[in-house]
Every structure is written in C-alpha cells, then in structure tokens.
Amino acid sequence: VPTAASAVEYLTEVTSDVHQAPGMSTAQIVDRGLQCIKSSSHNASEHVDPAVNGDIAYGVVRIEYSHRLVQNIIRVRASVVAREGRFKVAHTDIERYNELARGYIGVHTGFGGGSDKVREVLVDHAARIAECIVKQPEVAIGDW
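These remarks concern the structure in this document. (Residues numbered from 1 in each chain as written. Predicted model: local features only at pLDDT ≥ 70, side-chain atom pairs only at ≥ 80, totals over all residues. Heavy atoms only, no water.)

Let's shift gears to the overall build of the chain. The number of helices and strands found in the chain is two helices and seven strands. By residue count, 33% of the 144 residues in the chain fall in the buried class. Within the structure as shown, the chain displays about 9500 Å² of accessible surface, and the carbon and sulfur contribution to it stands at 51%. (Helix = DSSP H or I, 4+ residues; strand = E, 2+ residues; numbered from the N terminus. Buried < 20%, exposed > 50% of the residue type's maximum accessible area, 1.4 Å probe, protein only. Areas by Shrake-Rupley, 256 points an atom, 1.4 Å probe, with all protein chains shown as cover.)

Structure follows, in structure tokens:
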C-alpha cells in the first residue's frame, strides 16, 4: 500500500505593516535601522554584523524565547526596508535551533511545527525595532 505524501511548508518570511517616520530621510531610517537591529539582539548583539544594501539595513540576529516551558532559539535575517518617511521590518531566512540535528533547521507550518509562536515572536521583534527607529534619543538635561 503506498504511503500518503505531503509537502512540508516552511515559514519563510514575516513582514510588518508600513511604519511612518515623519521627517526622517531614507538614509536616516537606514542608519537608525542598523543601530536598532543590533540593539534588539540582547546578549547576542556582539555577534550581529549589520550591513546596508541601498535602502535596506539588515543583520542576522538570534532570538531566544520560551514556548511551553521549553527554551528555543531562532535565527533570522532582520531587515529594515526604508523609503522617505516610512519603512517596513521584515524577517527572512527563518530557522530554529534543533538539538537532535545539532544545528538550525527550517520552521515548518504543519501541526507541531511551532510556526505560530515563531511568527508571534517575530511580530514582537519587528515592533521593537520599529519603536526604536522612531523613538527620539533621550538625552539627560540639566547641570553637569
């Protein structure tokens, strides 16, 4: 009896909505995007080597999260795609660390693949990057 075959689909991209950055040029958004991608990586920030390609700032980041009391690690390429006064945050090349494989593997969207939680984590990560880009730096004022 032949076995049933099914194609495995993987989570390949999570893209945010368009964020407004009033008064910021494309270059300013890209520059700030580089800083925010790196700073959003927490303890792994020293391993992030962000770069620029035209109007896109990107870096490969590692994000740790807990799901059902199990610690997980995903590795993604976080990108800030800038236009004059607006930008999007995209996550591509999405992989999860797998102990059995001793390396990173794709996140499948089928039952038990955990893609819903990964998508949730990446949406939150994109929101933190977007907030970082549009937030004005806080400078201590007063007597020095």
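Right, let's get into the state of the cysteines. For the structure on display, the rule yields one disulfide. Shown here is the disulfide that connects Cys-36 with Cys-132, its sulfur atoms set 2.1 Å apart. Handedness of the Cys-36-Cys-132 disulfide follows from its S-S torsion of about -80°: it is left-handed. Of this pair, Cys-36 sits in helix H1 (residues 26-39) while Cys-132 is found in helix H2 (residues 115-134), placing the two residues 96 residues apart along the sequence. In this structure, Cys-36 and Cys-132 share a single accessibility class: buried. (Disulfide = S-S within 2.5 Å.)

With that settled, consider the pattern of salt bridges. Pairing between side chains becomes possible if they bear opposite charge and their charged atoms approach one another. With the rule as written, the count across this model stands at five salt bridges. Of the charged contacts in the structure, one is a salt bridge between Arg-62 and Glu-64, with a shortest N-O distance of 2.8 Å. Owing to a relative accessible area of 49%, Glu-64 belongs among the partly exposed residues under this scheme. Across the pair Lys-117 and Glu-120 runs a salt bridge whose closest N-O atoms are separated by 3.3 Å. One end of the pair, Lys-117, and the other, Glu-120, are both in helix H2, three residues apart, so they sit about a helical turn from each other. (Salt bridge = Lys/Arg side-chain N within 4 Å of Asp/Glu carboxyl O.)

To continue, consider the side chain of Ser-79. Within the secondary structure layout, Ser-79 lies in strand E5 (residues 70-83). Among the residues examined, Ser-79 registers a relative accessible area of 9% and is labelled buried.

Further remarks concern H1. Here H1 spans 20 Å end to end across 14 residues, near enough to the 20 Å set by a 1.5 Å rise per residue. Every buried residue belonging to H1 is among Ile-29, Val-30, Gly-33, Leu-34, Cys-36 and Ile-37, and all of these are buried. Tucked into the core, H1 has its buried residues touching strand E3 (51-53), strand E4 (56-67), E5, strand E6 (86-98) and H2. (Expected span 1.5 Å × (residues − 1). Contact = heavy atoms within 4.5 Å.)

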